[in-house]
Amino acid sequence: MNEMLKFQGGVAVITGAASGIGSGLVRQALAEGMRVVAADVQAERLREFTATLSGEVLAVPTDVSDPESVEALARRAWQAYGGVDLLFNNAGIMATGFSWQVEPARWRRSFEVNVHGIHHALRAFVPRLLEQGRPAQIVNTASVGGFLASPLMSPYSATKFAVVALTEALRGELEMLGSPVGVSLLAPGPVISGIFDDPFGPQAQQEPAVQQFVELMRSMLQQNGLTPEAFARRVFDGLRQRQFWLIPQPEAFDELFRQKAADVLARRNPVLPRF
Ligand SMILES: NC(=O)c1ccc[n+]([C@@H]2O[C@H](COP(=O)([O-])OP(=O)(O)OC[C@H]3O[C@@H](n4cnc5c(N)ncnc54)[C@H](O)[C@@H]3O)[C@@H](O)[C@H]2O)c1
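The rules we used
- Residues numbered from 1 in each chain as written.
- Predicted model: local features only at pLDDT ≥ 70, side-chain atom pairs only at ≥ 80, totals over all residues.
- Heavy atoms only, no water.
- UniProt positions renumbered as here; feature names shortened; annotations may be inferred.
- Helix = DSSP H or I, 4+ residues; strand = E, 2+ residues; numbered from the N terminus.
- Rg over C-alpha atoms; globule rule 2.2 N^0.38 Å.
- Buried < 20%, exposed > 50% of the residue type's maximum accessible area, 1.4 Å probe, protein only.
- Contact = heavy atoms within 4.5 Å.
- Areas by Shrake-Rupley, 256 points an atom, 1.4 Å probe, with all protein chains shown as cover.
- Lys, Arg positive; Asp, Glu negative; His and termini not counted.
- Charge placed at Lys NZ, Arg CZ, Asp CG, Glu CD.
- Patch = residues over 30% accessible without salt bridge, like charges linked within 9 Å, V, L, I, M, F, W, Y side chains within 5 Å.
- Salt bridge = Lys/Arg side-chain N within 4 Å of Asp/Glu carboxyl O.
- Axes fitted to C-alpha atoms, helices over the stretch in contact; angles between N-to-C directions.
- Parallel < 35°, antiparallel > 145°, perpendicular 65-115°, else oblique.
- Left-handed = near helix turned anticlockwise from the far one by under 90°.
- Nonpolar A, V, L, I, M, F, W, Y, C, P; charged D, E, K, R; others polar.
- Expected span 1.5 Å × (residues − 1).
- Pairing = 2+ DSSP bridges.

- Per an unreviewed UniProt entry, the protein chain carries the name Oxidoreductase and comes from Solimonas fluminis.
- In its Sequence similarities (unreviewed entry) section, the UniProt record describing the protein chain reads: "Belongs to the short-chain dehydrogenases/reductases (SDR) family."

Laid out in structure tokens, this is it:
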């Protein structure tokens, strides 16, 4: 399990590759000398993005919420390159609103992409990675919000808490098997991306408080967010050590997490974040 991962000449599969964090991971993987299988549900955007890159990139339009699409992605990766060294389960969507107003369809879609999408990838990739019998790493993207829930983001927070649970369970299972396949729980803080471009789905009306919250989050990401490239460099630094808790922005996590743990242990009510 502690054997080094192979970056130079290795193969990285990245979902949600056409935008934001995924695009940074693609660029960094190429900079590390990896071959990249870039997957995204936005086929045209994926094609345009990969056309700008130099290096070996295979663009595979994929909807992670569809198990057959994810199985086809795994098949394609093995056909093209005969193996995979890094799997980034990065695709994810935002959903906001007062909990009692979130449309069931939006709530379901959040789970289909953010949680089921990862489960589909585990079903398609883990058996193949185990069969390879060599070091490989699965990186599941949760969020700082997977440890610290926020008002007006309950669908998103719930999915990200689920990703943390799923990933902790997976780590134990791979260890039980003595497998060389490892797993990391990636919890980004703010990173400049399109995550808040479409946080409502088809819902038409939003309360002014929700609209204001979204505007605030958009400007917070622009002002305080890392660029996807800077973030991806930190991710690869953590992966060199095969960190399980891959938390590249301790400045956005440690103090809040300490505070939450202290509050729970003292049975103190959570403090409402200031928006
Ligand atoms: N940006 C941040 O500040 C931040 C913070 C914490 C966690 N995250 C997480 O990072 C990941 C990447 O988000 P981002 O911020 O780069 O957002 P983004 O919206 O810029 O990129 C997400 C990409 O995922 C793709 N995608 C959406 N649904 C998909 C599906 N069903 N199948 C395949 N691809 C799909 C989108 O087309 C898009 O290209 C997400 O899991 C997100 O929750 C982001």
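### With respect to the overall build of the protein chain
Okay, so step 1: Helix and strand counts for the protein chain come out as 8 helices and 7 strands.
Okay, so step 2: A globule of 275 residues ought to have a C-alpha radius of gyration of about 19 Å, and the protein chain, at 18 Å, matches this closely.
Okay, so step 3: Projecting the C-alpha coordinates of the protein chain onto the three principal axes gives extents of approximately 50 × 45 × 30 Å.
Okay, so step 4: When burial is assessed residue by residue, the protein chain has 52% of its 275 residues classed as buried.
Okay, so step 5: Here the analysis covers contacts within the protein chain between residues at least 6 apart in sequence; of these, 71% occur between residues at least 24 apart.
Okay, so step 6: For the protein chain, the accessible area works out to roughly 13,200 Å², and carbon and sulfur atoms hold 54% of it.
Okay, so step 7: In the protein chain, 25 side chains carry a positive charge and 27 a negative one; their mean positions are 3 Å apart.

### With respect to a nonpolar patch on the surface
Okay, so step 1: Together, Leu130, Met176 and Leu177 make up an exposed nonpolar region whose accessible area comes to about 350 Å².
Okay, so step 2: Along the chain, the position of leucine 177 falls in the loop between helix H5 (154–176) and strand S6 (181–186).

### Observations concerning the packing of helix H4 (residues 104–132) against H5
Okay, so step 1: Two elements in contact, H4 and H5, have axes whose closest approach is 8 Å; the angle formed by their N-to-C orientations is 15 degrees. One finds that H4 runs roughly parallel with respect to H5. For the pair H4 and H5, the sense of crossing is right-handed. Listed contacts from H5 to Trp107, Ser110, Phe111, Asn114, Val115, Ile118, Leu122 and Leu130 of H4 are Ser154, Pro155, Tyr156, Ala158, Thr159, Lys160, Ala162, Val163, Leu166, Leu170 and Leu174.
Okay, so step 2: Looking at the contact of H4 with H5 residue by residue, the class counts come to 14 nonpolar, 4 polar and 1 charged.

### Comments concerning helix H1 (residues 20–31)
Three- or four-residue spacings in an α-helix give side chains the same orientation, since the helix completes a turn every 3.6 residues.
Okay, so step 1: The terminal C-alpha atoms of H1 lie 17 Å apart, and with 12 residues this matches the ideal 16 Å at 1.5 Å per residue to within 8%.
Okay, so step 2: Where H1 is concerned, the buried positions are Gly20, Ile21, Gly22, Ser23, Gly24, Leu25, Val26, Gln28, Ala29 and Leu30.
Okay, so step 3: Tucked into the core, H1 has its buried residues touching strand S1 (11–15), strand S2 (35–40), helix H2 (43–51), strand S3 (57–61), strand S4 (86–89) and helix H7 (228–240).
Okay, so step 4: Remark: glycine 33 follows H1 within two positions and exhibits a positive phi of approximately 85 degrees.

### Observations concerning the sheet that holds S3
Okay, so step 1: One open sheet holds the 7 strands; their spatial order is S3-S2-S1-S4-S5-S6-S7, and the pairing between them is parallel. Each edge of the sheet is formed by a strand with only one pairing partner; in this case those strands are S3 and strand S7 (245–246).
Okay, so step 2: Bridging between S4 and strand S5 (residues 136–141) involves 4 bridges; their strand directions are parallel. Opposite phenylalanine 88, over in S5, you have valine 139 as the bridge partner.
Okay, so step 3: In the packing of H1 onto the sheet, the strands contacted are S1, S2, S3 and S4, and the crossing angle to S1 comes to about 170 degrees.
Okay, so step 4: Across the face of the sheet, helix H3 (residues 67–81) comes into contact with S1, S2 and S3 while running at roughly 160 degrees to S2.

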